[in-house]
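Reading the structure
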2 protein chains.
Amino acid sequence: MNSDNIPDIIIGRLPIYLRALQRMAEKGMKTSSQELGEHVGISAAQIRKDISQFGEFGKQGTGYSIGFLIDKLREILKIHHLWEVAIVGAGDIGHALARYQGFTNRGFRVAMIFDTDASKVGEKIGEFTIEDASKMVERIRAAKIKMAMVTVPASTAQEVTDKLVQAGVKAILNYAPTSINVPNNVRVQYIDPATHLQRMTYYLE
Amino acid sequence: MNSDNIPDIIIGRLPIYLRALQRMAEKGMKTSSQELGEHVGISAAQIRKDISQFGEFGKQGTGYSIGFLIDKLREILKIHHLWEVAIVGAGDIGHALARYQGFTNRGFRVAMIFDTDASKVGEKIGEFTIEDASKMVERIRAAKIKMAMVTVPASTAQEVTDKLVQAGVKAILNYAPTSINVPNNVRVQYIDPATHLQRMTYYLE
DNA sequence: TAGATTGTTAATCGATTAACAATC
DNA sequence: TAGATTGTTAATCGATTAACAATC
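Residues numbered from 1 in each chain as written. Chains lettered and ligands numbered in written order. Predicted model: local features only at pLDDT ≥ 70, side-chain atom pairs only at ≥ 80, totals over all residues. Heavy atoms only, no water.

Let's talk about the relation of the copies chain A and chain B
Note that the two copies of the chain are related through a rotation about an axis and a translation along the same axis. We count it as follows: A least-squares fit on C-alpha atoms brings the copies together, and the residues used are those whose pLDDT is at least 70 in both copies.
Placing chain A over chain B gives an RMSD of 0.0 Å and needs a rotation angle of 180°, together with 0.0 Å of translation along the axis. These values place the two chain copies in the arrangement generated by a two-fold rotation axis.

Right, dumping it as C-alpha coordinates:
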(Lines give C-alpha, C1' and ligand atoms only; values in the text may rest on other atoms or scores of the structure.)
Protein backbone atom coordinates (compact mmCIF):
# COMPACT_ATOMS: atom_id res chain seq x y z
CA MET A 1 0.00 0.00 0.00
CA ASN A 2 1.99 2.88 -1.40
CA SER A 3 0.08 6.00 -0.34
CA ASP A 4 2.90 8.50 -0.86
CA ASN A 5 1.60 11.27 -3.03
CA ILE A 6 -0.58 9.72 -5.68
CA PRO A 7 -1.15 12.15 -8.59
CA ASP A 8 -4.55 13.83 -8.44
CA ILE A 9 -5.29 12.78 -12.00
CA ILE A 10 -5.25 9.16 -10.85
CA ILE A 11 -7.51 9.92 -7.89
CA GLY A 12 -9.88 11.51 -10.38
CA ARG A 13 -10.20 8.30 -12.35
CA LEU A 14 -10.91 6.05 -9.39
CA PRO A 15 -14.54 7.19 -8.96
CA ILE A 16 -15.05 6.48 -12.69
CA TYR A 17 -13.72 2.96 -12.25
CA LEU A 18 -15.83 2.48 -9.16
CA ARG A 19 -19.01 3.63 -10.88
CA ALA A 20 -18.44 1.25 -13.78
CA LEU A 21 -17.55 -1.65 -11.46
CA GLN A 22 -20.73 -1.14 -9.47
CA ARG A 23 -22.77 -1.47 -12.64
CA MET A 24 -20.70 -4.44 -13.78
CA ALA A 25 -21.15 -6.16 -10.42
CA GLU A 26 -24.76 -6.85 -11.33
CA LYS A 27 -23.61 -9.03 -14.19
CA GLY A 28 -20.61 -10.95 -12.92
CA MET A 29 -17.96 -11.64 -10.31
CA LYS A 30 -14.77 -10.94 -12.21
CA THR A 31 -13.37 -8.47 -14.67
CA SER A 32 -10.12 -7.52 -16.37
CA SER A 33 -8.38 -4.24 -17.04
CA GLN A 34 -9.29 -4.85 -20.67
CA GLU A 35 -13.01 -5.18 -19.99
CA LEU A 36 -13.16 -2.33 -17.49
CA GLY A 37 -11.29 -0.18 -19.98
CA GLU A 38 -13.90 -0.80 -22.64
CA HIS A 39 -16.61 0.32 -20.25
CA VAL A 40 -14.96 3.57 -19.27
CA GLY A 41 -13.00 4.39 -22.42
CA ILE A 42 -9.55 4.20 -20.81
CA SER A 43 -6.65 1.96 -21.84
CA ALA A 44 -6.13 -1.31 -20.00
CA ALA A 45 -2.50 -0.38 -19.28
CA GLN A 46 -3.52 2.82 -17.58
CA ILE A 47 -6.15 1.11 -15.45
CA ARG A 48 -3.63 -1.49 -14.28
CA LYS A 49 -1.08 1.20 -13.52
CA ASP A 50 -3.60 3.33 -11.63
CA ILE A 51 -4.87 0.45 -9.51
CA SER A 52 -1.38 -0.88 -8.81
CA GLN A 53 -0.51 2.39 -7.05
CA PHE A 54 -2.52 1.14 -4.11
CA GLY A 55 -1.67 -2.53 -3.94
CA GLU A 56 -1.78 -5.79 -5.86
CA PHE A 57 -5.50 -6.29 -6.20
CA GLY A 58 -5.55 -8.54 -9.27
CA LYS A 59 -4.38 -12.01 -10.17
CA GLN A 60 -2.38 -12.93 -13.27
CA GLY A 61 -4.40 -14.91 -15.71
CA THR A 62 -7.77 -14.23 -14.08
CA GLY A 63 -8.01 -10.46 -13.58
CA TYR A 64 -9.79 -8.70 -10.72
CA SER A 65 -12.58 -9.74 -8.41
CA ILE A 66 -15.19 -7.03 -8.90
CA GLY A 67 -16.43 -7.15 -5.33
CA PHE A 68 -12.94 -7.00 -3.87
CA LEU A 69 -11.90 -4.13 -6.14
CA ILE A 70 -15.04 -2.17 -5.27
CA ASP A 71 -14.26 -2.58 -1.57
CA LYS A 72 -10.68 -1.45 -2.05
CA LEU A 73 -11.65 1.58 -4.11
CA ARG A 74 -14.27 2.62 -1.56
CA GLU A 75 -11.65 2.31 1.13
CA ILE A 76 -9.05 4.28 -0.82
CA LEU A 77 -11.57 7.02 -1.58
CA LYS A 78 -12.69 6.99 2.06
CA ILE A 79 -16.30 6.37 1.15
CA HIS A 80 -16.65 3.20 3.21
CA HIS A 81 -18.55 5.45 5.58
CA LEU A 82 -21.22 8.04 4.80
CA TRP A 83 -20.22 11.69 4.46
CA GLU A 84 -22.72 14.34 5.45
CA VAL A 85 -23.06 17.15 2.95
CA ALA A 86 -24.67 20.58 3.32
CA ILE A 87 -26.45 22.32 0.44
CA VAL A 88 -26.30 26.10 0.25
CA GLY A 89 -28.94 27.64 -1.98
CA ALA A 90 -32.49 26.29 -2.30
CA GLY A 91 -33.19 27.19 -5.91
CA ASP A 92 -34.02 24.66 -8.62
CA ILE A 93 -30.61 23.00 -8.43
CA GLY A 94 -30.60 22.94 -4.64
CA HIS A 95 -34.03 21.32 -4.72
CA ALA A 96 -32.93 18.74 -7.29
CA LEU A 97 -29.87 17.86 -5.18
CA ALA A 98 -31.88 17.63 -1.97
CA ARG A 99 -34.19 15.12 -3.66
CA TYR A 100 -31.46 13.26 -5.57
CA GLN A 101 -31.56 9.54 -4.85
CA GLY A 102 -28.06 8.85 -6.14
CA PHE A 103 -26.05 9.86 -3.08
CA THR A 104 -26.73 7.31 -0.34
CA ASN A 105 -25.29 4.20 -1.94
CA ARG A 106 -22.26 6.15 -3.11
CA GLY A 107 -21.01 7.47 0.19
CA PHE A 108 -22.98 10.66 0.83
CA ARG A 109 -26.01 11.93 2.68
CA VAL A 110 -27.50 15.39 2.40
CA ALA A 111 -27.75 16.65 5.96
CA MET A 112 -29.01 20.23 5.72
CA ILE A 113 -29.98 22.90 3.24
CA PHE A 114 -29.71 26.68 3.63
CA ASP A 115 -31.01 29.76 1.89
CA THR A 116 -30.88 33.49 2.62
CA ASP A 117 -34.36 34.12 1.27
CA ALA A 118 -36.66 34.56 4.29
CA SER A 119 -39.66 33.44 2.25
CA LYS A 120 -38.01 30.07 1.62
CA VAL A 121 -36.77 29.45 5.16
CA GLY A 122 -38.99 26.89 6.86
CA GLU A 123 -40.18 25.40 3.57
CA LYS A 124 -39.97 21.62 3.33
CA ILE A 125 -38.07 19.69 0.64
CA GLY A 126 -38.87 16.04 1.25
CA GLU A 127 -37.46 15.31 4.71
CA PHE A 128 -35.52 18.59 4.90
CA THR A 129 -36.53 21.99 6.14
CA ILE A 130 -34.77 24.93 4.51
CA GLU A 131 -32.74 26.69 7.17
CA ASP A 132 -31.73 30.32 7.52
CA ALA A 133 -28.27 30.92 6.02
CA SER A 134 -27.42 33.25 8.89
CA LYS A 135 -27.22 30.16 11.13
CA MET A 136 -25.12 28.25 8.62
CA VAL A 137 -21.60 28.61 10.06
CA GLU A 138 -22.77 27.66 13.51
CA ARG A 139 -24.89 24.70 12.31
CA ILE A 140 -22.21 23.24 10.03
CA ARG A 141 -19.50 23.61 12.61
CA ALA A 142 -21.63 21.98 15.31
CA ALA A 143 -22.44 19.04 13.01
CA LYS A 144 -18.76 18.75 11.98
CA ILE A 145 -19.78 18.72 8.32
CA LYS A 146 -16.80 18.74 5.97
CA MET A 147 -18.47 18.84 2.54
CA ALA A 148 -20.86 21.28 0.90
CA MET A 149 -22.58 21.88 -2.43
CA VAL A 150 -22.96 25.52 -3.39
CA THR A 151 -25.96 26.36 -5.59
CA VAL A 152 -26.18 30.12 -5.12
CA PRO A 153 -25.81 32.79 -7.83
CA ALA A 154 -22.27 33.61 -9.01
CA SER A 155 -22.48 36.99 -7.29
CA THR A 156 -22.64 35.47 -3.79
CA ALA A 157 -20.60 32.31 -4.33
CA GLN A 158 -17.34 33.69 -2.92
CA GLU A 159 -19.04 35.08 0.15
CA VAL A 160 -20.76 31.74 0.81
CA THR A 161 -17.47 29.92 0.21
CA ASP A 162 -15.68 32.06 2.78
CA LYS A 163 -18.35 31.21 5.34
CA LEU A 164 -18.13 27.50 4.57
CA VAL A 165 -14.38 27.58 5.01
CA GLN A 166 -14.86 29.42 8.28
CA ALA A 167 -17.28 26.67 9.34
CA GLY A 168 -14.62 24.01 8.75
CA VAL A 169 -15.77 22.70 5.36
CA LYS A 170 -12.87 21.11 3.45
CA ALA A 171 -14.49 20.12 0.14
CA ILE A 172 -16.87 22.17 -1.97
CA LEU A 173 -18.84 21.17 -5.04
CA ASN A 174 -19.55 24.49 -6.71
CA TYR A 175 -22.55 24.81 -9.02
CA ALA A 176 -22.27 28.60 -9.19
CA PRO A 177 -20.92 29.67 -12.59
CA THR A 178 -17.78 31.30 -11.23
CA SER A 179 -14.32 30.38 -9.95
CA ILE A 180 -13.98 30.55 -6.20
CA ASN A 181 -10.85 31.00 -4.10
CA VAL A 182 -10.15 28.82 -1.10
CA PRO A 183 -7.17 28.10 1.17
CA ASN A 184 -5.06 25.26 -0.16
CA ASN A 185 -6.26 22.76 2.41
CA VAL A 186 -9.75 23.01 0.89
CA ARG A 187 -10.72 21.18 -2.32
CA VAL A 188 -13.11 22.49 -4.95
CA GLN A 189 -14.88 20.77 -7.84
CA TYR A 190 -16.88 22.67 -10.42
CA ILE A 191 -20.15 21.78 -12.10
CA ASP A 192 -21.31 24.35 -14.61
CA PRO A 193 -23.37 23.06 -17.53
CA ALA A 194 -22.59 26.06 -19.75
CA THR A 195 -18.85 25.59 -19.24
CA HIS A 196 -19.14 21.90 -20.01
CA LEU A 197 -21.11 22.60 -23.17
CA GLN A 198 -18.61 25.26 -24.23
CA ARG A 199 -15.88 22.69 -23.96
CA MET A 200 -17.53 20.70 -26.75
CA THR A 201 -18.68 23.37 -29.22
CA TYR A 202 -15.08 23.92 -30.34
CA TYR A 203 -15.24 20.53 -32.05
CA LEU A 204 -18.63 20.95 -33.70
CA GLU A 205 -19.48 21.70 -37.36
CA MET B 1 -4.44 31.84 -36.14
CA ASN B 2 -2.82 28.46 -35.64
CA SER B 3 -5.75 26.04 -35.48
CA ASP B 4 -3.82 22.86 -36.16
CA ASN B 5 -4.61 20.40 -33.47
CA ILE B 6 -4.81 22.31 -30.22
CA PRO B 7 -4.64 19.97 -27.20
CA ASP B 8 -8.03 19.29 -25.65
CA ILE B 9 -6.72 20.25 -22.24
CA ILE B 10 -6.24 23.80 -23.52
CA ILE B 11 -9.72 23.88 -25.05
CA GLY B 12 -11.01 22.84 -21.65
CA ARG B 13 -9.47 25.88 -19.96
CA LEU B 14 -10.82 28.44 -22.40
CA PRO B 15 -14.39 28.37 -21.03
CA ILE B 16 -12.92 28.94 -17.56
CA TYR B 17 -11.03 31.97 -18.78
CA LEU B 18 -14.10 33.24 -20.59
CA ARG B 19 -16.31 32.88 -17.55
CA ALA B 20 -13.84 34.81 -15.39
CA LEU B 21 -13.35 37.50 -18.04
CA GLN B 22 -17.09 38.04 -18.30
CA ARG B 23 -17.27 38.67 -14.58
CA MET B 24 -14.17 40.88 -14.72
CA ALA B 25 -15.64 42.88 -17.60
CA GLU B 26 -18.07 44.47 -15.17
CA LYS B 27 -15.20 46.03 -13.31
CA GLY B 28 -12.71 47.17 -15.96
CA MET B 29 -11.46 47.29 -19.52
CA LYS B 30 -8.10 45.59 -19.25
CA THR B 31 -6.46 42.66 -17.57
CA SER B 32 -3.19 40.74 -17.51
CA SER B 33 -2.33 37.05 -17.51
CA GLN B 34 -1.26 37.63 -13.91
CA GLU B 35 -4.63 39.04 -12.82
CA LEU B 36 -6.70 36.51 -14.78
CA GLY B 37 -4.55 33.76 -13.29
CA GLU B 38 -5.34 34.91 -9.77
CA HIS B 39 -9.07 34.74 -10.54
CA VAL B 40 -9.01 31.23 -11.98
CA GLY B 41 -6.13 29.70 -10.03
CA ILE B 42 -3.91 29.02 -13.05
CA SER B 43 -0.36 30.30 -13.62
CA ALA B 44 0.14 33.43 -15.72
CA ALA B 45 2.61 31.59 -17.96
CA GLN B 46 0.08 28.93 -18.78
CA ILE B 47 -2.65 31.42 -19.57
CA ARG B 48 -0.36 33.32 -21.94
CA LYS B 49 0.72 30.10 -23.62
CA ASP B 50 -2.86 28.88 -23.99
CA ILE B 51 -4.11 32.13 -25.47
CA SER B 52 -1.12 32.50 -27.79
CA GLN B 53 -2.12 29.25 -29.53
CA PHE B 54 -4.84 31.21 -31.28
CA GLY B 55 -3.17 34.52 -32.07
CA GLU B 56 -1.47 37.53 -30.53
CA PHE B 57 -4.33 39.01 -28.56
CA GLY B 58 -2.34 40.96 -25.97
CA LYS B 59 0.04 43.91 -25.92
CA GLN B 60 3.38 44.00 -24.18
CA GLY B 61 3.36 46.32 -21.24
CA THR B 62 -0.42 46.68 -21.08
CA GLY B 63 -1.90 43.18 -21.15
CA TYR B 64 -5.20 42.16 -22.73
CA SER B 65 -8.33 44.12 -23.57
CA ILE B 66 -11.05 42.19 -21.75
CA GLY B 67 -13.71 42.90 -24.36
CA PHE B 68 -11.49 41.90 -27.23
CA LEU B 69 -10.34 38.71 -25.53
CA ILE B 70 -13.94 37.75 -24.72
CA ASP B 71 -14.87 38.20 -28.38
CA LYS B 72 -11.95 36.08 -29.51
CA LEU B 73 -12.65 33.29 -27.04
CA ARG B 74 -16.32 33.21 -28.02
CA GLU B 75 -15.27 32.95 -31.63
CA ILE B 76 -12.71 30.20 -30.98
CA LEU B 77 -15.23 28.23 -28.96
CA LYS B 78 -17.86 28.83 -31.66
CA ILE B 79 -20.31 30.36 -29.22
CA HIS B 80 -20.70 33.63 -31.11
CA HIS B 81 -23.99 32.14 -32.20
CA LEU B 82 -26.61 30.35 -30.10
CA TRP B 83 -26.60 26.54 -30.01
CA GLU B 84 -29.90 24.76 -29.55
CA VAL B 85 -29.80 21.99 -26.98
CA ALA B 86 -32.27 19.15 -26.34
CA ILE B 87 -32.94 17.77 -22.87
CA VAL B 88 -33.75 14.09 -22.50
CA GLY B 89 -35.37 13.21 -19.19
CA ALA B 90 -37.86 15.44 -17.39
CA GLY B 91 -37.05 14.52 -13.81
CA ASP B 92 -35.80 16.99 -11.21
CA ILE B 93 -32.55 17.66 -13.05
CA GLY B 94 -34.27 17.98 -16.41
CA HIS B 95 -36.69 20.46 -14.88
CA ALA B 96 -33.88 22.46 -13.28
CA LEU B 97 -32.01 22.62 -16.61
CA ALA B 98 -35.14 23.61 -18.54
CA ARG B 99 -35.60 26.52 -16.14
CA TYR B 100 -31.91 27.42 -15.84
CA GLN B 101 -31.31 31.08 -16.69
CA GLY B 102 -27.58 30.70 -17.21
CA PHE B 103 -27.54 29.38 -20.78
CA THR B 104 -28.68 32.20 -23.07
CA ASN B 105 -25.88 34.67 -22.52
CA ARG B 106 -23.33 31.88 -22.75
CA GLY B 107 -24.17 30.52 -26.16
CA PHE B 108 -26.99 28.04 -25.59
CA ARG B 109 -30.75 27.78 -25.75
CA VAL B 110 -32.82 24.85 -24.58
CA ALA B 111 -35.02 23.96 -27.54
CA MET B 112 -36.95 20.86 -26.50
CA ILE B 113 -37.38 18.38 -23.67
CA PHE B 114 -38.35 14.72 -23.87
CA ASP B 115 -39.50 11.98 -21.54
CA THR B 116 -40.75 8.43 -21.98
CA ASP B 117 -43.24 8.69 -19.13
CA ALA B 118 -46.70 9.09 -20.71
CA SER B 119 -47.97 10.85 -17.61
CA LYS B 120 -45.34 13.59 -18.04
CA VAL B 121 -45.76 14.10 -21.78
CA GLY B 122 -47.71 17.27 -22.44
CA GLU B 123 -46.79 18.79 -19.09
CA LYS B 124 -45.47 22.36 -19.25
CA ILE B 125 -42.10 23.51 -17.86
CA GLY B 126 -42.06 27.26 -18.30
CA GLU B 127 -42.26 27.82 -22.03
CA PHE B 128 -41.61 24.14 -22.87
CA THR B 129 -43.96 21.24 -23.28
CA ILE B 130 -42.54 17.83 -22.44
CA GLU B 131 -42.56 15.75 -25.62
CA ASP B 132 -42.83 12.02 -26.14
CA ALA B 133 -39.41 10.40 -26.37
CA SER B 134 -40.65 8.13 -29.16
CA LYS B 135 -40.67 11.20 -31.42
CA MET B 136 -37.19 12.27 -30.31
CA VAL B 137 -34.99 11.08 -33.17
CA GLU B 138 -37.30 12.54 -35.75
CA ARG B 139 -37.73 15.87 -33.92
CA ILE B 140 -34.02 16.38 -33.23
CA ARG B 141 -33.01 15.46 -36.74
CA ALA B 142 -35.60 17.80 -38.26
CA ALA B 143 -34.43 20.67 -36.06
CA LYS B 144 -30.77 19.89 -36.85
CA ILE B 145 -29.93 19.94 -33.16
CA LYS B 146 -26.33 18.95 -32.42
CA MET B 147 -26.21 19.07 -28.61
CA ALA B 148 -28.13 17.28 -25.90
CA MET B 149 -28.23 16.94 -22.12
CA VAL B 150 -29.10 13.49 -20.83
CA THR B 151 -30.84 13.35 -17.46
CA VAL B 152 -32.30 9.85 -17.50
CA PRO B 153 -31.46 6.99 -15.09
CA ALA B 154 -28.16 5.16 -15.63
CA SER B 155 -30.07 2.09 -16.82
CA THR B 156 -31.40 3.82 -19.94
CA ALA B 157 -28.54 6.24 -20.63
CA GLN B 158 -26.82 4.11 -23.28
CA GLU B 159 -30.05 3.47 -25.12
CA VAL B 160 -30.89 7.20 -25.15
CA THR B 161 -27.34 7.99 -26.23
CA ASP B 162 -27.59 5.63 -29.21
CA LYS B 163 -30.78 7.36 -30.32
CA LEU B 164 -29.23 10.80 -29.98
CA VAL B 165 -26.28 9.73 -32.09
CA GLN B 166 -28.69 8.31 -34.63
CA ALA B 167 -30.48 11.68 -34.65
CA GLY B 168 -27.24 13.48 -35.52
CA VAL B 169 -26.28 14.83 -32.08
CA LYS B 170 -22.52 15.43 -31.83
CA ALA B 171 -22.10 16.59 -28.24
CA ILE B 172 -23.69 15.12 -25.13
CA LEU B 173 -23.68 16.41 -21.58
CA ASN B 174 -24.41 13.30 -19.54
CA TYR B 175 -25.98 13.66 -16.09
CA ALA B 176 -26.69 9.95 -15.80
CA PRO B 177 -24.29 8.31 -13.34
CA THR B 178 -22.71 5.98 -15.88
CA SER B 179 -20.13 6.00 -18.65
CA ILE B 180 -21.62 5.99 -22.14
CA ASN B 181 -20.07 4.84 -25.40
CA VAL B 182 -20.25 6.95 -28.53
CA PRO B 183 -18.57 6.97 -31.96
CA ASN B 184 -15.41 9.04 -31.95
CA ASN B 185 -16.91 11.94 -33.84
CA VAL B 186 -19.22 12.54 -30.88
CA ARG B 187 -18.06 14.35 -27.71
CA VAL B 188 -19.23 13.59 -24.20
CA GLN B 189 -18.93 15.51 -20.95
CA TYR B 190 -19.97 14.07 -17.61
CA ILE B 191 -21.71 15.70 -14.68
CA ASP B 192 -22.23 13.39 -11.75
CA PRO B 193 -22.26 15.00 -8.31
CA ALA B 194 -21.42 11.76 -6.50
CA THR B 195 -18.36 11.20 -8.71
CA HIS B 196 -17.24 14.78 -8.14
CA LEU B 197 -17.65 14.42 -4.39
CA GLN B 198 -15.78 11.10 -4.42
CA ARG B 199 -12.90 12.84 -6.07
CA MET B 200 -12.47 15.01 -2.99
CA THR B 201 -13.02 12.60 -0.09
CA TYR B 202 -9.60 11.00 -0.73
CA TYR B 203 -8.03 14.18 0.62
CA LEU B 204 -10.24 14.59 3.68
CA GLU B 205 -9.38 13.87 7.35
C1' DT C 1 12.47 56.99 -20.51
C1' DA C 2 11.24 53.36 -17.01
C1' DG C 3 8.10 49.92 -15.90
C1' DA C 4 5.20 46.38 -17.23
C1' DT C 5 3.74 42.49 -19.69
C1' DT C 6 3.47 39.84 -23.78
C1' DG C 7 4.75 35.74 -26.82
C1' DT C 8 7.99 32.20 -27.16
C1' DT C 9 11.88 29.19 -26.30
C1' DA C 10 14.20 25.68 -23.81
C1' DA C 11 14.23 23.00 -19.76
C1' DT C 12 11.76 20.48 -16.62
C1' DC C 13 8.39 17.82 -15.06
C1' DG C 14 4.71 14.45 -15.32
C1' DA C 15 1.61 11.12 -17.65
C1' DT C 16 0.75 7.52 -20.96
C1' DT C 17 1.90 3.59 -23.60
C1' DA C 18 4.09 -0.58 -25.08
C1' DA C 19 6.15 -4.58 -23.90
C1' DC C 20 7.04 -8.55 -21.24
C1' DA C 21 8.50 -11.51 -17.32
C1' DA C 22 5.97 -13.47 -13.73
C1' DT C 23 2.39 -16.32 -12.54
C1' DC C 24 -2.41 -17.73 -11.90
C1' DT D 1 0.13 -27.61 -19.70
C1' DA D 2 -1.57 -23.59 -22.51
C1' DG D 3 -3.79 -19.35 -22.32
C1' DA D 4 -4.69 -15.22 -20.07
C1' DT D 5 -3.74 -11.26 -17.53
C1' DT D 6 -1.35 -8.90 -13.96
C1' DG D 7 2.25 -5.52 -12.15
C1' DT D 8 6.13 -3.05 -13.59
C1' DT D 9 9.85 -1.20 -16.38
C1' DA D 10 11.61 1.71 -19.88
C1' DA D 11 10.50 4.52 -23.68
C1' DT D 12 7.65 7.84 -25.48
C1' DC D 13 4.81 11.44 -25.48
C1' DG D 14 2.78 15.68 -23.83
C1' DA D 15 2.15 19.57 -20.55
C1' DT D 16 3.93 23.02 -17.47
C1' DT D 17 7.23 26.28 -15.92
C1' DA D 18 10.91 29.55 -15.91
C1' DA D 19 13.20 32.92 -18.18
C1' DC D 20 13.79 36.68 -21.20
C1' DA D 21 14.02 39.41 -25.55
C1' DA D 22 10.76 42.26 -27.66
C1' DT D 23 8.00 46.08 -27.25
C1' DC D 24 4.02 48.79 -25.70
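Remarks on the sheet that holds strand β1 (residues 30–31) of chain B
Residues and elements named next belong to chain B. Quick note on the threshold: Any two strands with at least two DSSP-identified bridges between them are counted as paired. Comment: elements are numbered from the N terminus, with helices defined as DSSP H or I runs of at least four residues and strands as E runs of at least two. The contact definition used throughout considers only heavy atoms, calling two residues in contact when any of these lie within 4.5 Å. Axis lines are fitted to C-alpha atoms, over the contacting stretch for helices. Their N-to-C directions set the angle, which ranges from 0 to 180 degrees.
Here three strands make up an open sheet; going across it, the order is β1-β3-β2 and the pairing antiparallel. Strand pairing shows two members of the sheet lacking a second neighbour, β1 and β2 (58–59), which therefore form its edges. Inspection of the sheet shows β1 paired to strand β3 (residues 63–65) by two bridges, in the antiparallel sense. Following the sheet pairing, Lys 30 is matched in β3 by Ser 65. Each of β1 and β3 touches helix α4 (residues 66–76); the most contacted strand, β3, lies at about 75° to it.

Regarding the sheet that holds strand β4 (residues 83–88) of chain A
Residue and element names in this part refer to chain A. Read across the open sheet, the six strands follow the order β8-β5-β4-β9-β10-β11; overall the sheet is parallel. Lying at the two open borders of the sheet, with one neighbouring strand each, are β8 (131–132) and β11 (187–190). Pairing geometry for strand β9 (residues 147–150) and strand β10 (residues 171–174), over four bridges, is parallel. Directly across from Val 150, in β10, lies its bridge partner Asn 174.

Considerations on the interface of chain A and chain B
Basically, it comes down to this: The buried area of a pairing is the accessible area, by a 1.4 Å probe, that goes missing from both parts when the two are put together, added over both. Put simply, a salt bridge is a Lys or Arg side-chain nitrogen that is within 4 Å of an Asp or Glu carboxyl oxygen. For the purposes of these results, a polar contact is taken to be a pair of N or O atoms within 3.5 Å, where, inside protein, one atom must be able to donate a hydrogen and its partner to accept one; residues adjacent in sequence count only when each atom of the pair is a side-chain atom.
The partner chain B presents 65 residues to the 65 residues of chain A that form the contact. Across the chain A/chain B interface, buried area totals approximately 6200 Å², and carbon plus sulfur atoms make up 60% of it. Contact with chain B buries area across many residues of chain A, yet A:Gln198, A:Arg199 and A:Tyr202 alone supply 13% of it, more than any other trio. The tally of links from chain A across to chain B stands at eight salt bridges. Salt-bridge contacts for A:Arg99 lead to B:Asp92; the nearest nitrogen and oxygen are separated by 2.7 Å. Our count for the contact surface shared by chain A and chain B stands at 22 residue pairs in polar contact (both at pLDDT 80 or more).

Description of the protein's contact with DNA strand C
Our working definition: Nearness here has a simple test: a residue counts as near a molecule or strand if at least one of its heavy atoms is within 4 Å of that partner.
As a matter of local geometry, DNA strand C sits amid 25 residues, with B:Ser33, B:Arg48, B:Phe57, B:Gly58 and B:Tyr64 nearest to it. Close to the protein, within 4 Å, the atoms of DNA strand C belong to sugar or phosphate groups at a rate of 60%. B:Arg48 is positioned such that a nitrogen or oxygen atom in its side chain is 2.8 Å from a base oxygen of DNA strand C. Measuring from a sugar or linking oxygen of DNA strand C, one finds a backbone N or O atom of B:Gly61 at 3.1 Å. At the level of elements, α1 (8–24) and α3 (44–52) of chain A together with α3 (44–52), β2 and β3 of chain B are the ones that each hand at least two residues to the surface near DNA strand C. Among the elements that take part in the surface near DNA strand C, α3(A) stands out by supplying four residues, more than any other.

Details of the protein's contact with DNA strand D
Of all residues adjacent to DNA strand D, which total 25 residues, the nearest are A:Ser33, A:Arg48, A:Phe57, A:Gly58 and A:Tyr64. In the model, a phosphate oxygen of DNA strand D is placed 2.8 Å from a nitrogen or oxygen of the A:Gly58 main chain. A:Gly61 is positioned with one of its backbone polar atoms (N or O) 3.1 Å from a sugar or linking oxygen of DNA strand D. When residues in the surface near DNA strand D are grouped by element, the largest group, four residues, is from α3(B).

Topic: the side chain of A:Asn174
All names here are of chain A. The line we're drawing: Relative accessibility decides the category of a residue: with a 1.4 Å probe and only protein chains considered, values under 20% of the type maximum give buried, values over 50% give exposed, and everything between is partly exposed.
Here Asn 174 lies in strand β10. By relative accessible area, which is 0% here, Asn 174 ends up buried. Once residues lying within four places of it in the same chain are set aside, the contact partners of Asn 174 are Val 150, Ile 180, Val 188, Gln 189, Tyr 190 and Ile 191.

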